[in-house]
Amino acid sequence: MVFSIKTRQETIGKLQAEELDLLIIGGGITGAGVALQAAATGLKTGLIEMQDFAEGTSSRSTKLVHGGIRYLKNFDVEVVADTVTERAVVQNIAPHIPKPDPMLLPIYEGEGATTFNMFSVKVAMDLYDQLAGVTGTKFANYTLTPEEVLEREPFLKSEGLKGAGVYLDFRNNDARLVIDNIKKAHEDGGLLASKVKAVGFLYDDNNQIIGVKARDLVTDEVFEIKAKLVINTAGPWVDKVRNLNFKRAVVPQMRPTKGVHLVVDAKKLPVPQPTYFDTGKHDGRMVFAIPREDKTYFGTTDTDYQGEYTEPKVTQEDVDYLLDVINYRYPNANITLDDIESSWAGLRPLLSGNAGSDYNGGDNGKITDASFNKVIEVVTNYKENKVNRLDVEEVLNNLESSLEEKTSSPSSVSRGSNLEREEDGLITLSGGKITDYRKMAEGAMKLILDILAKDYDMSFELIDSKDYSLSGGEFDASKVEETVAENAKIGIAAGLSEAAATYIADYYGMNSLKIFELAKAMTPFAGLSLAESARLQYALEEEMVLTPADYFVRRTNHMLFKRDELDGIIEPVIDAMANYFGWNDATKAEQAETFAKVLAESDLKYLKEGE
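Keep in mind that this is a model prediction, so the values were computed, not measured.

A. Fine view of the overall build of the protein chain. Within the protein chain, the regular secondary structure consists of 20 helices and 20 strands. Relative to the globule expectation of 25 Å for 611 residues, the C-alpha radius of gyration of the protein chain, 24 Å, shows essentially globular dimensions. On the principal axes, the C-alpha backbone points of the protein chain span a range of 65 × 60 × 50 Å. By residue count, 60% of the 611 residues in the protein chain fall in the buried class. Long-range pairs, those at least 24 residues apart, make up 73% of the contacts in the protein chain with a sequence separation of at least 6. Counting 67 positive and 97 negative side-chain charges, the protein chain places the centres of these two groups 1 Å from one another.

B. Local environment of the sheet that holds strand β4 (residues 99–100). Strand order in the open sheet formed by 3 strands is β3-β8-β4, with antiparallel pairing between adjacent strands. Lying at the two open borders of the sheet, with one neighbouring strand each, are β3 (64–65) and β4. Where β3 lies against strand β8 (residues 170–171), 2 bridges are found, and the strand directions are antiparallel. Paired with Leu64 across the bridge in β8 is Arg171.

C. Molecular detail of unusual backbone geometry. Going from Gly299 to Thr300, the amide bond is cis rather than trans, its omega being 25°. Relative to the helices and strands, Thr300 resides in the loop between β16 (295–299) and β17 (303–304). Its identity is not glycine, yet Asn334 carries a phi of approximately 50°, on the positive side. Checked against the element boundaries, Asn334 lands in the loop between α8 (316–329) and β18 (342–348).

D. Looking closely at the packing of aromatic side chains. The tally for this structure, following the rule as stated, stands at 17 aromatic pairs. Plain terms: the ring middles of Tyr508 and Tyr538 are 5.9 Å apart, the flat faces sit at 90° to each other, and that makes the pair edge-to-face. In this pair, Tyr508 is assigned in helix α13 (residues 498–508) and Tyr538 in helix α15 (residues 530–542), connecting sequence segments 30 residues apart. Judged by its relative accessible area of 1%, Tyr538 is buried. Ring centres of Phe581 and Trp583 lie 5.2 Å apart, and the angle between their planes is 20°; this geometry places the pair in the stacked category. One exposure class covers both Phe581 and Trp583, and it is buried. Feature note: the residues Tyr503, Tyr507, Tyr508 and Tyr538 constitute an aromatic cluster, connected by ring pairs. Over the ring of Tyr468 we find Lys184, and its NZ or CZ is 5.4 Å from the ring centre.

E. Structural view of the packing of helix α16 (residues 548–555) against helix α19 (residues 585–602). The N-to-C vectors of α16 and α19 enclose an angle of 30°; their axes lie 9 Å apart at closest approach. Note on element contacts: α19 touches α16 through Gln591, Phe595 and Val598, opposite Pro548, Ala549, Phe552 and Val553. Counted by class, the contact of α16 with α19 contains 6 nonpolar, 1 polar and no charged residues.

F. Quick peek at the pattern of salt bridges. Considering all chains together, one arrives at 46 salt bridges under this definition. Lys268 is the salt-bridge partner of Asp339, the closest N and O atoms lying 3.9 Å from each other. Here the residue Asp339 occupies a position in the loop between α8 and β18, and Lys268 occupies one in the loop between β13 (257–265) and β14 (275–278), the gap between them amounting to 71 residues. On the basis of relative accessibility, which here comes to 30%, the residue Lys268 falls in the partly exposed class. A salt bridge links Lys433 to Asp436, with the shortest nitrogen-to-oxygen separation between them at 2.8 Å. Taken as a pair, Lys433 and Asp436 share a single burial class, namely buried. Connected through salt bridges with shared partners, the residues Asp52, Glu55, Lys195, Asp550, Arg554 and Arg555 form a single ionic network.

G. Region of interest: the pairing of strand β5 (residues 103–108). In terms of residue burial, β5 counts as a mostly covered element, since 6 of its 6 residues are buried. Every second residue of β5 is oriented toward a common face, with Met103, Leu105 and Ile107 on one face and Leu104, Pro106 and Tyr108 on the other, all of them buried. Two strands pair when backbone bridges link them, and β5 and strand β7 (residues 161–167) are joined in this way by 6 bridges, in the antiparallel orientation. Directly across from Ile107, in β7, lies its bridge partner Gly163.

About the criteria used
- Residues numbered from 1 in each chain as written.
- Predicted model: local features only at pLDDT ≥ 70, side-chain atom pairs only at ≥ 80, totals over all residues.
- Heavy atoms only, no water.
- Helix = DSSP H or I, 4+ residues; strand = E, 2+ residues; numbered from the N terminus.
- Rg over C-alpha atoms; globule rule 2.2 N^0.38 Å.
- Buried < 20%, exposed > 50% of the residue type's maximum accessible area, 1.4 Å probe, protein only.
- Contact = heavy atoms within 4.5 Å.
- Lys, Arg positive; Asp, Glu negative; His and termini not counted.
- Charge placed at Lys NZ, Arg CZ, Asp CG, Glu CD.
- Pairing = 2+ DSSP bridges.
- Phe/Tyr/Trp six-rings, centres within 6.5 Å; stacked < 30°, edge-to-face > 60°.
- Lys NZ or Arg CZ within 6 Å of the ring centre and 35° of its normal.
- Axes fitted to C-alpha atoms, helices over the stretch in contact; angles between N-to-C directions.
- Nonpolar A, V, L, I, M, F, W, Y, C, P; charged D, E, K, R; others polar.
- Salt bridge = Lys/Arg side-chain N within 4 Å of Asp/Glu carboxyl O.

Right under this line is the structure:
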């Protein structure tokens, strides 16, 4: 189904021509999730995004779908249960995107925000496995001795190492999760346009919002979109959208914080599996080191942010902090600024009104040592059938807090979400995290359908989004490896190498078959392999790629995890795009220059050259 520059103008025309049931402002993961459910439910659905889809927060995460074991530091069992349940739902509807990738949690004597020792981490992991339903499976947790840890990760600091726990977590491709939600919404009739910015609201006689004024950032045209309901899912930009209403005072909801990740070659920092550890700085933070595509990336920072939202930058202070942490935890690595191949900085859409944290080692209020020991004891007794579930619940419900936060650090701001309808009729869905995006969208849809029923006498049956596959995810989630292998055979028959066919089959799910069909019928673009040519053609025709950065950063992992191969394909890709879009020489040069700036920023050129 075509979703490209060829359909974009038609989409914008339809957005202007007919009143929508729902208009969504913001095309990150939250807006994409709402769009999928709204379009599948049968609403006349529109979505506008001022950048590329996922260009903001939703392509700049740690690229994991967490199970939430960090909550078990404070034995927040309910949150862990919710998180692992929802993670399983996302893996079911998008089995080609989240992939199981067990996490290693090293335990050190006398240090750590983890709270855990070797005994308590085993208790927590066993409880985690029960909540996740993986007890007795190949993904069940286990512990390692110090010797086993160092055999697996010889670069890890050995001093004070007591061992490690290994538990199930999932790697994620955040930008692809967004685009495959967007594509599914398009397939179901949604009208979705990137690079269209909301610049004002439309009102009825009662000052209720009935649409937006929008600017097409490609043509600079300003136009109106009318809708019965408008929902604001703009992530860190939520307050900026709310402030488009100049008729009332807006109390800020958001407190964005910045997170930074750095990428080095895996030979420089060999990490065989995702690893999660305390910073060693006694600052309550945790850092990940994660292998991906022959690279290792590590992060994240968590600092308050007040700069320009569209392009948060990695600063020297960010780099110094992460290098201090990584070289402390991997003392023989000696990573320097010059080793960094690529990087990204993103803003987290944190809510300002809650001092409890569920991110990066922050605490909801640390429990006392007595309470902690009581929990360990009762959970151990429960496993040995010495007490019943009610005994466990009584202990968990009566934990004593040893910390009352009067002010909140950036690492202790709630990652919870907020849904409300404001006095002007604007629905705002803010906060949250990637793992919860579908659940957040479902909650918003229930409110939206209730309003449509009461105010417009419109009746819809909400789609069961727990079983509604994303684009590319239409296969049995329990047979991912088998499906990849079968689809790869089709790619090989189309002329691709086994490695390229397998990579594409794994990356795109069932949409890989469309890429293989293109490969079978096309002549490669000048300077590009058949596999690259087919991926690019598919991205142009069915993934609304409008700029080189859309392709290199968010439709593929080229800029982040294949930096050493990127320089050789930039010019051929831009040449192919110029032919597809009909760019003249000036436009082509402008596009190349714009991407060069994006690349230089990822490369940290401005820091390496001392600019």
